[in-house]
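Structural overview
Below, each chain spelled out in residue letters.
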Amino acid sequence: MKLEGRRESSNVQDRRGSTVAKAGGIGLGGIVLFGLIYLLTGRAPDPSLLQQMGQNTEVSSQQQREFTEEEQALAKFSSQVLASTEDIWTKVFQQMGRTYTPPTMVLYTDAVQTACGQGTASVGPFYCSGDQCLYIDLSFFSTMRQQLGIKNKGDLDFAYAYVIAHEVGHHVEYLLGILDAAHQQMSRLNETQANKVSVRLELLADYYAGVWGHYENATFQSIDDNDLQEAIETAKVIGDNYLQERARGYSSPESFTHGTSAQRMKWLKLGLQTGDMSISTFNVDESQL
Ligand SMILES: [Zn+2]
């Protein structure tokens, strides 16, 4: 992906090096995880994980350390991707007669305090609508490269951009009222039914990541075929079936929260191809997901 010379976002909070102390009460709401928890536990994010995330904490100290060149390059790249999402979504929202307010991207290491409770790096990137922030521990990207077995030998930069754009996609869902409506609906459903709503939310975030890529490339010709392949390969290896089978040898569709590999690839591709905001995962039958 070509982003040389492009601006960086001013909506980045760099909290790397801050350490987070111990726990207090639980305050959970509006949180959306990227779904790589399978890699560590072999199962979907569950209430106990969410309780871990729901513990309020205080920042206790600042550690000063030098970041490597690679870490700094990754932070800059992430900031440029975020800036691109701001420019693209501002225009797309204008076309819909709406106003886009950008989220803040918080870079952290190990653990971070959020309006949705404490987040830890082990859960992967996530979005919290309570503070409209997306939280990313940049070490996730090397974990992604090492553990997901992505075959593409390229630099994976567009795969990383897809991860950021997916989280921004949840912010778009929030601004459009879709995220809150879905979370309210989920709170009234049993787990299996709630998981089905979660799948629609996640596939829609993949779709919106694609919509962003569509306009980014239309405007800047920044995305080549290799980039597209690496993002689609990423969508494949973060499918629920793929991750569950990899972690424990079988998959249970009723526990899927993010969609299958085929579904994630399909919606990302559709967004990239069409850029059409009238399409939604909430407007189609389950069989069409
Ligand atoms: Zn998500």
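Refer to the structure above for everything that follows.
Residues numbered from 1 in each chain as written. Predicted model: local features only at pLDDT ≥ 70, side-chain atom pairs only at ≥ 80, totals over all residues. Heavy atoms only, no water.

A few words on the packing of helix α5 (residues 157-175) against helix α6 (residues 178-187). Contact geometry of α5 with α6 gives a least axis separation of 4 Å together with a crossing angle of 85°. By the angle class used here, α5 and α6 are roughly perpendicular. Together, His170, Glu173 and Tyr174 of α5 and Ile178, Leu179 and Asp180 of α6 make up the contact between the two elements. Along the lines of polarity and charge, the residues of the contact of α5 with α6 split into three nonpolar, one polar and two charged. (Axes fitted to C-alpha atoms, helices over the stretch in contact; angles between N-to-C directions. Helix = DSSP H or I, 4+ residues; strand = E, 2+ residues; numbered from the N terminus. Parallel < 35°, antiparallel > 145°, perpendicular 65-115°, else oblique. Contact = heavy atoms within 4.5 Å. Nonpolar A, V, L, I, M, F, W, Y, C, P; charged D, E, K, R; others polar.)

Time to look at helix α10 (residues 261-274). Counted at 1.5 Å a residue, the expected span for α10 with its 14 residues is 20 Å, and the 20 Å between its end C-alpha atoms agrees. If you check which residues of α10 are buried, you get Ser261, Gln263, Arg264, Trp267, Leu268, Gly271 and Leu272. Remark: glycine 275 follows α10 within two positions and exhibits a positive phi of approximately 60°. (Expected span 1.5 Å × (residues − 1). Buried < 20%, exposed > 50% of the residue type's maximum accessible area, 1.4 Å probe, protein only.)

This part takes up the packing of helix α8 (residues 225-237) against α10. To characterise two packed helices, one gives the angle between the axes of the helices and the distance between these axes. Orientation of α8 relative to α10, taken along the N-to-C sense of each, is 145°, at an axis distance of 7 Å. For α8 against α10, the interelement crossing comes out right-handed. For the pair formed by α8 and α10, the contact residues are Leu228, Ala231, Ile232, Ala235 and Lys236 on the first element and Ser261, Arg264, Met265, Leu268, Lys269 and Leu272 on the second. In terms of residue class, the contact of α8 with α10 is built from seven nonpolar, one polar and three charged. (Left-handed = near helix turned anticlockwise from the far one by under 90°.)

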